[in-house]
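# Survey of secondary and tertiary structure
Here is how the chains run, residue by residue.
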Amino acid sequence: MCECGAVAGPLGVCVDYFHAILAEEQNDPQMYRWHAPVVCVHLLQHPSQAHEKHRDGQFRLLQFYLDKGLDALLRLQAHQVARNNHRARSRYDMAPLEPYAPLPQGGSPGGFRATLCGLPFRDGSFVADGHAAYGDRIRGIAEATVESWRSVEA
Ligand SMILES: [Zn+2]
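## Description of the overall build of the chain
Scanning the chain from N- to C-terminus turns up 6 helices and 0 strands. Reading the chain from its N terminus to its C terminus gives the helix and strand order α-α-α-α-α-α. Overall size of the chain, expressed as C-alpha extent along the three principal axes, is 45 × 40 × 25 Å. Residues counted as buried form 25% of the 154 residues belonging to the chain. Considering only contacts in the chain between residues 6 or more positions apart, those separated by 24 or more positions represent 73%.

## Considerations on the nonpolar core
Soluble globular proteins: nonpolar side chains tend toward being buried together. Counting 30 residues, the largest nonpolar core has C14, Y17, V41, L62, L116 and A142 as its most contacted members. Contributions of two or more residues to this core are made by α1 (14-25), α3 (35-45), α4 (52-68) and α6 (131-153). A142 has contacts with P37, V41, L62, Y65 and L66, leaving out every residue within four places of it along the chain.

## What to know about the packing of α3 against α4
For the pair α3 and α4, interaxial distance at closest approach is 9 Å and the crossing angle is 130 degrees. Taken together, α3 and α4 sit at an angle that is classed as oblique. When you trace α3 past α4, the crossing you get is left-handed. Contacts between α3 and α4 involve A36, P37, C40, V41, L43 and L44 from the first element and R55, Q58, F59, L61, L62 and Y65 from the second. Classifying every residue of the contact of α3 with α4 gives 10 nonpolar, 1 polar and 1 charged.

## Regarding α4
For α4, with 17 residues, the first-to-last C-alpha span of 25 Å sits near the 24 Å given by 1.5 Å per residue. Of the residues making up α4, those classed as buried are Q58, F59, R60, L61, L62 and Y65. Just downstream of α4 lies G69, where phi reads positive at about 100 degrees.

## Here we look at the packing of α4 against α6
Axes are the key here: two packed helices are described by the angle between their axes and the distance separating the axes. Axis separation between α4 and α6 bottoms out at 10 Å; the angle between their running directions is 130 degrees. By the criterion of interaxial angle, the relationship of α4 to α6 is oblique. Crossing hand, α4 versus α6: left-handed. On α6, the residues touching F59, L62, Q63, Y65 and L66 of α4 are A142, E143, T145, V146 and W149. For the contact of α4 with α6, the class distribution of residues is 7 nonpolar, 2 polar and 1 charged.

## As for unusual backbone geometry
Phi angles above zero are rare outside glycine, and D123 is one such case at about 50 degrees. Tracing the backbone shows D123 in the loop between α5 (70-86) and α6. Residue class for D123 comes out exposed when judged on the 7 C-beta atoms lying within 10 Å of it.

## Considerations on α6
Over its 23 residues, α6 extends 34 Å from the first C-alpha to the last, a length consistent with the 33 Å expected when each residue adds 1.5 Å. Within α6, the full set of buried residues consists of Y134, I138, I141, A142, T145, V146, S148 and W149. Considering only its buried residues, α6 is in contact with α2 (29-32), α3 and α4.

## Let's talk about the environment of Q58
Positionally, Q58 belongs in helix α4. Residue class for Q58 comes out buried when judged on the 21 C-beta atoms lying within 10 Å of it. Along the sequence, Q58 and V39 sit 19 residues apart, while their C-alpha atoms lie 8.6 Å from each other. In this structure, Q58 is in contact with C40, L43 and L44, ignoring residues within four places of it in sequence.

Conventions used here
- Residues numbered from 1 in each chain as written.
- Predicted model: local features only at pLDDT ≥ 70, side-chain atom pairs only at ≥ 80, totals over all residues.
- Helix = DSSP H or I, 4+ residues; strand = E, 2+ residues; numbered from the N terminus.
- Buried ≥ 20, exposed ≤ 12 C-beta atoms within 10 Å, placed from the backbone.
- Contact = placed C-beta atoms within 7 Å.
- Core = buried A, V, L, I, M, F, W, Y, C linked by C-beta atoms within 7 Å.
- Axes fitted to C-alpha atoms, helices over the stretch in contact; angles between N-to-C directions.
- Parallel < 35°, antiparallel > 145°, perpendicular 65-115°, else oblique.
- Left-handed = near helix turned anticlockwise from the far one by under 90°.
- Nonpolar A, V, L, I, M, F, W, Y, C, P; charged D, E, K, R; others polar.
- Expected span 1.5 Å × (residues − 1).

Structure, rendered in structure tokens:
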């Protein structure tokens, strides 16, 4: 059983899946497009593995992704990189994320209806049935993550 409440899959608990995804996406630029959502869902579903101060930004970034889509998220990240290169010490630009709900106060919601360790891993790959299908699954995990954290508020 994983910290997030999920039952382990064939590769292990979520952190095992997380590391396997990071390894595979290093050699697959198309799969790497979902890197930020993967990192955010993993850290928000396993709060012991991340600093609390970053959690609000991760929560807003997932909402931005679900609202605007992957291409908009990639443009936002490119904008951040360009900005940081231009002014090395400038603050991270939070303006595009400001319209989104802040992270609810209170502990981890626990219990997510989709998790990384539920991802199918076939023929040694997460994208055996194509990148679009992989992207749909990551989006589903992102939706489940935001949904559970929102329920903390109630
Ligand atoms: Zn987990």
